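Reading the structure
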Amino acid sequence: MSEVRVRIAPSPSGNLHVGTARTALFNYLFAKKNNGKFILRIEDTDAERTSQAYIDNIFDSLKALGLNWDEGPDVGGDYGPYTQSERFDIYPKYAQILLDKGFAYECFCTPEELEAEKEEATKNKKAYVYSKKCENLTEEEKEKLRKEGRKPALRFNIAKAQKAFHDSSILKFDDLVKGELHMDTDLLGDFVIMKSNGTPTYNFAVVIDDMLMKISHVIRGEDHISNTFKQILIFEALGAEVPRFGHLGMILAPDRSKLSKRHGATAVSEFVEKGYLTEALINFVALLGWSPSDGQEIKTVDEIAQDFRIGDVSSSNSIFEYDKLNWMNSHYIKMLPIEDLKERLKPYLTKYDLSELTDAQYTRMVEVTREPLTLLSDITDAVPYFFGGDKVEIEQKAQTEVLDTEVSQDVLKTFLKQAQDWNFDEETLHEKLEAFRAEYKEKGIKPKVTMWAIRAAVTGRTCGADMTAILAILGKEHSLARVKAAIK
RNA sequence: GCUCCCAUCGUCUAGAGGCCUAGGACAACACCCUUUCACGGUGUAGACGGGGAUUCGAAUUCCCCUGGGAGUACCA
């Protein structure tokens, strides 16, 4: 086999979708595993829907996921340009070749005529196939139409290509993930390869680019299967080597419909904004259709690449469920090096004045609050009581259920008295608090009730991080001021 | 409508004729740990869509049905 060259070819008509990210991942993994090249190509032939912001988003998202490309619009390569709109001058050349070889013909049909054909087909419950009305127009007829001001589109002659390279109308190919796939090309219909405005259609541009960029394997979603048959025929008509194809099942929403806005986030960047780690996202998405041979699901992209075989990928659709992604995200949050986590959490702490804490205090705060986080953004509501000095906002529940009780008041008074003499380092606090709880336990007060009183007074809440650590981070002065304020 | 693809616990999956009284992960539930919430630990429950066929033997092969998904553009 010659060099493995795969590509991801997103259309910048939206932010990078998780589905596209997964396709990109599988291409990347395949390239890695086979010492090949991973190429990024931007398919922006539809100027209407394209925007620079989307292009930037695609670049940024792919990079954030760690899916770095070897050739692409920004890094260049030997087969550029890698943006289709910059390649418009090369498509007509190949269209002309097909025209000369008789594999394409000019079509002067108007949208209205085409529409009528379609309606007729629907009425007769037949599959719509272009009538080939324009296949055999004479030069005079074409000239006449041209004089009327009609601009022709170019259609690919399916039957002619099929007959030239295959025995029957059935076209087959061996799919990398699904095995043999087949299609009766008589049902395909002569499709447009060059629009009347002179720009190529998707199916044509893709083939020309894949051919010129020497793409060896095309790995994409199964929504492209019917395109593949058309594309194979174009490759053959051009006398080009046909790449191998592999079609992945789709990612579906929990209701089994296409994953869309109404299901929540769809773009990688939206997941990131919500507080998902790209490491977790990419790991999760890898498990949609692929599973590790050693059963170890938490893996980096490079580790997955070692174990990856395209033939092992599941050919069925899979549903994008948040449960596992959330679990994985919290797992990654727990595993992240503390310095790294401290940085990544900062965007979600902007409502607080971080300068109130020393770096050591901030570190400790993150250490003791990271456990229950599912999303990075969960940190926002997990830490308000570390800020504000002597003052803390008391939640309703903490007031009525804890602070208003007699036991709590008693605990707080005793605590205030005793703690005056304590050193507020964690080690001391740990010992003293243990003794303190024991003291109350003797009186029949459960340890957790004792701690609840202190927690409610100091944090204004009924639950939160380890109490010893909180007191140490806050320091004696702030802690006791809060306790004092809670005593009636 | 037509064409194509797919089908194991709720979800992601392991399983390539006997190793399967179907394994794992997430979620659920129970218990344990515990200064709260969590984390963690230990368990429980939970699936081969249906019907035929082949075979000594089928989750695994074949056919039909059903269900789901996709395509059907001068969009990509």
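Residues numbered from 1 in each chain as written. Chains lettered and ligands numbered in written order. Predicted model: local features only at pLDDT ≥ 70, side-chain atom pairs only at ≥ 80, totals over all residues. Heavy atoms only, no water.

Turning our eyes to something else, we now look at the environment of Leu 25. Within the element layout of this structure, Leu 25 appears in helix H1 (residues 18-33). Separated by 258 residues in sequence, Leu 25 and Asn 283 place their C-alpha atoms 9.7 Å apart. Residues contacting Leu 25, with those up to four places away along its chain left out, are Leu 67, Ile 282, Val 285, Ala 286 and Val 301. (Helix = DSSP H or I, 4+ residues; strand = E, 2+ residues; numbered from the N terminus. Contact = heavy atoms within 4.5 Å.)

Confidence in the prediction of chain A, expressed as mean pLDDT, is 95, and 100% of residues score 70 or more. Taken together, the chains of this predicted complex give a pTM of 0.94 and an interface ipTM of 0.96. (pLDDT = per-residue confidence, 0-100.)

Take helix H17 (residues 406-419) next. With 14 residues, H17 extends 20 Å from end C-alpha to end C-alpha; this agrees with the ideal 20 Å at 1.5 Å per step. Within H17 the residues assigned to the buried category are Ser 408, Gln 409, Val 411, Leu 412, Thr 414, Phe 415, Leu 416 and Ala 419. Each element contacted by the buried residues of H17 is listed here: helix H16 (396-403), helix H18 (426-442), helix H19 (447-459) and helix H20 (467-486). (Expected span 1.5 Å × (residues − 1). Buried < 20%, exposed > 50% of the residue type's maximum accessible area, 1.4 Å probe, protein only.)

A separate point is the protein's contact with RNA strand B. Near RNA strand B you find 63 residues, and of these Lys 178, Lys 195, Leu 287, Gly 289 and Gly 464 are the closest. One nitrogen or oxygen atom from the side chain of Arg 256 is found 2.9 Å from a phosphate oxygen belonging to RNA strand B. Interatomic distance of 3.3 Å between a backbone N/O atom of Asp 323 and a sugar or linking oxygen of RNA strand B. Going through the elements one at a time, helix H4 (111-123), strand E4 (153-156), strand E6 (179-184), helix H8 (225-237), strand E11 (318-319), helix H12 (322-335), H19 and H20 are the ones with two or more residues in the surface near RNA strand B. The greatest single-element share of the surface near RNA strand B, amounting to five residues, is contributed by H19. Among the residues forming the surface near RNA strand B, the class breakdown is 23 nonpolar, 17 polar and 23 charged. (Near = heavy atom within 4 Å. Polar contact = N/O pair within 3.5 Å; in protein donor to acceptor, adjacent residues only side chain to side chain. Nonpolar A, V, L, I, M, F, W, Y, C, P; charged D, E, K, R; others polar.)

Next up on the list: the sheet that holds strand E7 (residues 192-194). Reading across the sheet, the three strands line up as E3-E4-E7 and stay open at both edges, with antiparallel pairing between neighbours. With partners counted over all chains shown, the strands left at the sheet margins are strand E3 (104-107) and E7, one partner each. Shown here is a sheet whose adjacent strand axes are inclined to one another by a mean of 45 degrees, direction ignored. Note: E3 against E4, four bridges, orientation antiparallel. Bridge assignment links Ala 104 to a residue of E4, and that residue is Phe 156. (Pairing = 2+ DSSP bridges. Axes fitted to C-alpha atoms, helices over the stretch in contact; angles between N-to-C directions.)

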